[in-house]
Amino acid sequence: MYDAIIIGAGPAGLQAALTLGRMHRTALLLDSGEYRNGTVQHMHNVIAADGMPPAEFRATARAQLAEYGTVETRDAAAGSIDGAVDDFTVELTDGSTARGRRIVLATGVADDLPAVPGLEDLWGLRAFTCPFCDGHEFTGRDIGILGAASRTVHLISLLAPIVRSITVFALDEQPTDEDRAALEATGAVIHPSLVQSVAAETDGVDVTTADGHVAVAGLFVAAGSVRQRAPFATELGLRMLPSGAIEVDDFGQTSASGILAAGDLAHRASLPGPVASVIQSAAAGQMAAARIVQELAVS
């Protein structure tokens, strides 16, 4: 039986495994091969790894984990979780099973994009959601924001000091008078026609509307939503927050004894939502693993 089974091998899961390994606790890390930043070419705002391809980050982390004899990594996904604290059973999609005293959920979230033809092909390459992660790369250039809603104003306020101009493209209907007034007050341009499609061009994005084409360097998405990538939160009956994330305490403990959650699938109730950040996710993984080490040390 493992001290912990970590489900998900993004930054949160990798760091949890490293922390457990350094404390000589046995851990099984399950890597499904699916990642929120799977299409991203370079990750940013990560000290000492700014601009590193996410795949290189993960490969480096896994090579370092291989040096710890108590950590095992499998390229497999979890299918179900049963049991209780000190005796959980995880059934893997390859048909095998594993038992662990603790579970760390680090499966992350998935982005549900607005239904704009061509947007999925641009996601993580020329269309983004996080200005902290991808805004700097558009310094002094013209960008577009998809979606005219309250979050758009916030996005504009973050991106305005970086870019040259911002054009807001409404999706399925034009903004209300109240939203329009708020958007216009930011200095952004509201395009008069709805978006029909988007596509990559030589050095940016071509946005097609009923009025023709608009060229921008890149897009940020204010619409859309995120969801739990895996069904475990629902299946395990974990307490959820209005954001759709799992509620955890400062150390990643969920409402179910022995089950912890780390990364952008969970956050404390004091926060409005999860933070899409490699460093924050890794920190959450470290805290969850530290809690497990402390619990097992006195049990």
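Anything mentioned here points back to the structure above.
Residues numbered from 1 in each chain as written. Predicted model: local features only at pLDDT ≥ 70, side-chain atom pairs only at ≥ 80, totals over all residues. Heavy atoms only, no water.

Trainee: What's the story with the overall build of the protein in this structure? I'm lost.
Mentor: Helices and strands together make up the secondary structure of the protein, namely eight helices and 19 strands. By principal-axis analysis of the C-alpha atoms, the protein measures approximately 65 × 35 × 35 Å. For the protein, the proportion of its 299 residues judged to be buried stands at 46%. In the protein, of all internal contacts separated by at least 6 residues, the share reaching a separation of at least 24 is 56%. A total accessible area of about 14,000 Å² is found for the protein, and carbon and sulfur atoms account for 51% of it. Both charge centroids of the protein, one from 19 positive and one from 36 negative side chains, sit 7 Å from each other. (Helix = DSSP H or I, 4+ residues; strand = E, 2+ residues; numbered from the N terminus. Buried < 20%, exposed > 50% of the residue type's maximum accessible area, 1.4 Å probe, protein only. Contact = heavy atoms within 4.5 Å. Areas by Shrake-Rupley, 256 points an atom, 1.4 Å probe, with all protein chains shown as cover. Lys, Arg positive; Asp, Glu negative; His and termini not counted. Charge placed at Lys NZ, Arg CZ, Asp CG, Glu CD.)

Trainee: Quick question: what am I supposed to make of the packing of aromatic side chains here?
Mentor: For any pair of aromatic rings, geometry is given as the distance between the ring centres together with the angle between the planes. In the structure shown here, the tally under the stated rule is three aromatic pairs. Each ring, one from Phe128 and one from Phe220, has its centre 6.0 Å from the other, and the planes form 45°; the classification is tilted. In this pair, Phe128 sits in strand β8 (residues 127-128) while Phe220 sits in strand β15 (residues 218-221), placing the two residues 92 residues apart along the sequence. As far as burial versus exposure is concerned, Phe128 and Phe220 are alike and both buried. When the centroid spacing of 5.9 Å and the interplanar angle of 80° are considered together, the rings of Phe138 and Phe220 count as edge-to-face. With Phe138 in the loop between α4 (131-134) and β9 (142-146) and Phe220 in strand β15, the pair connects residues that are 82 residues apart, well separated along the chain. The pair Phe138 / Phe220 is uniform in exposure class, with both members buried. (Phe/Tyr/Trp six-rings, centres within 6.5 Å; stacked < 30°, edge-to-face > 60°.)

Trainee: I'm lost on the pairing of strand β3 (residues 71-74) in this one. Help?
Mentor: Strand residues, when the strand is regular, have side chains that alternate between the two faces of the sheet. Taken together, the four bridges between strand β2 (residues 27-30) and β3 define a ladder with parallel strand orientation. What sits directly across from Leu28, in β3, is Glu72. The parallel pair β2 and β3, bridged by helix α2 (residues 54-65), forms a crossover whose chirality is right-handed. (Pairing = 2+ DSSP bridges. Right-handed = clockwise from strand over helix to strand, strands pointing away.)

Trainee: Just checking my understanding: could you explain the pairing of strand β13 (residues 204-209) for this structure?
Mentor: Burial analysis of β13 places six of its six residues in the buried class, which makes it a mostly covered element. Pairing of strand β12 (residues 195-201) with β13, which is carried by six bridges, proceeds in the antiparallel orientation. Following the sheet pairing, Val198 is matched in β13 by Val207. Where β12 folds back onto β13 in an antiparallel hairpin, the turn is made up of two residues. For β13 and strand β14 (residues 212-216), the ladder comprises five bridges, and the chain directions are antiparallel. Bridging from a neighbouring strand, Thr209 pairs with Gly212 of β14. Taken together, β13 and the strand that follows it, β14, pair antiparallel across an intervening segment of two residues.

Trainee: What exactly am I supposed to notice about empty space enclosed by the protein here?
Mentor: Which parts of space are left empty comes out when a probe the size of a water molecule is rolled across the atoms. Across all of its chains, the model carries two cavities of 30 Å³ or more by this definition. Here the largest cavity is characterised by a volume of approximately 40 Å³. Together, Val109, Val226, Arg227, Gln228, Ser243, Gly244, Ala245 and Pro274 line the largest cavity. If one sorts the elements of the lining of the largest cavity by residue count, strand β16 (residues 225-228) sits on top with three residues. For the lining of the largest cavity, a count of residues per class yields four nonpolar, three polar and one charged. Around the second largest cavity, the lining residues are Leu105, Thr107, Gln228, Ala230, Phe232, Ala233, Ile246 and Leu265. Broken down by class, the residue content of the lining of the second largest cavity amounts to six nonpolar, two polar and no charged. (1 Å grid on protein atoms, 1.4 Å probe; cavity = no way out; pocket = protein on both sides within 12 Å on 5 of 7 lines; lining within 4 Å. Points joined across faces, edges and corners; volume = space filled by probe spheres on them. Nonpolar A, V, L, I, M, F, W, Y, C, P; charged D, E, K, R; others polar.)

Trainee: How should I be thinking about the packing of helix α1 (residues 11-22) against α2 in this particular structure?
Mentor: Packed helix pairs are characterised by how far apart their axes lie and by the angle those axes make with each other. Between α1 and α2, whose axes approach to 10 Å, the crossing angle comes to 15°. The pairing of α1 with α2 is recorded here as roughly parallel in orientation. When the axes of α1 and α2 are compared, the crossing they make is left-handed. Counting all contacts with α1, which are made through Pro11, Leu14, Ala17 and Leu18, the residues of α2 involved are Phe57, Arg58, Ala61, Arg62 and Leu65. Here the contact of α1 with α2 is composed, by residue class, of seven nonpolar, no polar and two charged. (Axes fitted to C-alpha atoms, helices over the stretch in contact; angles between N-to-C directions. Parallel < 35°, antiparallel > 145°, perpendicular 65-115°, else oblique. Left-handed = near helix turned anticlockwise from the far one by under 90°.)

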